[in-house]
Amino acid sequence: MNYRHGFHAGNHADVLKHLVLVALLDALKRKDAAFFVLDTHAGRGRYDLRGDQAKRTGEAASGFVRLREARPAGPPALRAYLDAVAECDPGEAQSYPGSPLLVAHALREQDRLAACELQPDEAAALKAVLAGDPRCHVHNRDGYAAVKALLPPREGNTRFARGLVLIDPPYEAQEGEYAPIVAALREGLERFPQGIYALWYPIKRRATLQPLMRKIAALPMRSALTIELLVRPDDSPLRMNGSGMLILNPPWQLDAAIEPTLRPLAQAMGDAGASWRLTWLKQEPA
């Protein structure tokens, strides 16, 4: 595995993914009961936007940095995301948080995070970022296998009735990633059916996603929501034109919270032809 997220940290895909993640965490925190988060492909936790990797691609400059400089006045979910990123920065606005750091900052005393990272150096960096936080546990292991090993979630004699599983693979195998994704989601739903499952996916040509979506729609969940942002027209298979988040068992009114954020995201980070859409892959009867 050669993927290094440092080249892509803070790009438009990270913005969409983390905005939705913050909204999901906020929804879980509306109730006092503890929740558990499993991050299957956690990365190193914090990324230096001044570093060689970020500068080489410039993806953060055209993504999060551009959004931050646009200072969109916008809906509460967008403001909550920008505030969450700012809280994770050590003070110079020169770093960008990975998903486990955003989760760690959102946890309450009773909540827990299990963050899995397969690459040893990335896992070591993540352990350093989260060091001293007893609510967070870093596992240097395969995240797909962790779905079976760590669900249903428990700590000692404590069982968690609520939780979120974030699946954010690098897609190095591209469409070859689809089979382990479906297997992990099926395993998770069998072991922890009430959990929320959030899958990030890249969009090169949306049509290539249809087989994956058909298989996921057949899984035993209450409902499934797709949230997509394309920063350029969906006409090139050679680059990532956008990305999406697929949420299984989404919390109540997540769609209403997220939909108003998509236009300002596209306006701040998109080129001509940028677009967005929010659709239900499966919806339980009202």
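These numbers come from a predicted model, not from an experiment.

A. Highlighting the overall build of the chain. Each helix and strand in the chain was counted, giving ten helices and twelve strands. Going through the 286 residues of the chain one by one, you find that 54% of them count as buried. Excluding contacts between residues fewer than 6 apart, the proportion of contacts in the chain whose partners are at least 24 apart in sequence is 79%. Carbon and sulfur atoms make up 50% of the accessible area of the chain, which amounts to about 12800 Å² in all. Once the 36 positive and 33 negative side-chain charges of the chain are each reduced to a mean point, those two points are 3 Å apart.

B. Looking closely at the layout of surface pockets. The computed volume of the second largest pocket comes to approximately 550 Å³. Forming the boundary of the second largest pocket are 20 residues, of which Arg 222, Asn 249, Pro 250, Pro 251 and Trp 252 lie nearest the centre. Among the elements of the structure, helix H1 (12-28) and strand E8 (162-167) are those that each provide at least two residues to the lining of the second largest pocket. Of the residues that constitute the lining of the second largest pocket, the class distribution is eight nonpolar, six polar and six charged.

C. Quick look at the sheet that holds strand E5 (residues 136-139). Ordered in space as E5-E4-E1-E8-E9-E11-E10-E12, the eight strands form an open sheet in which the pairing is mixed. Each edge of the open sheet is held by one strand with a lone partner, namely E5 and strand E12 (275-282). Taking the axes of each pair of neighbouring strands and ignoring which way they run, one obtains an average angle of 15° across the sheet. Bridge analysis of E8 against strand E9 (residues 196-203) gives four bridges, and the strand direction is parallel. Directly across from Val 165, in E9, lies its bridge partner Tyr 197. This element, helix H8 (residues 178-191), spans E8, E9 and strand E11 (242-248) of the sheet and lies at about 170° to E9.

Basis of the calculations
- Residues numbered from 1 in each chain as written.
- Predicted model: local features only at pLDDT ≥ 70, side-chain atom pairs only at ≥ 80, totals over all residues.
- Heavy atoms only, no water.
- Helix = DSSP H or I, 4+ residues; strand = E, 2+ residues; numbered from the N terminus.
- Buried < 20%, exposed > 50% of the residue type's maximum accessible area, 1.4 Å probe, protein only.
- Contact = heavy atoms within 4.5 Å.
- Areas by Shrake-Rupley, 256 points an atom, 1.4 Å probe, with all protein chains shown as cover.
- Lys, Arg positive; Asp, Glu negative; His and termini not counted.
- Charge placed at Lys NZ, Arg CZ, Asp CG, Glu CD.
- 1 Å grid on protein atoms, 1.4 Å probe; cavity = no way out; pocket = protein on both sides within 12 Å on 5 of 7 lines; lining within 4 Å.
- Points joined across faces, edges and corners; volume = space filled by probe spheres on them.
- Nonpolar A, V, L, I, M, F, W, Y, C, P; charged D, E, K, R; others polar.
- Pairing = 2+ DSSP bridges.
- Axes fitted to C-alpha atoms, helices over the stretch in contact; angles between N-to-C directions.

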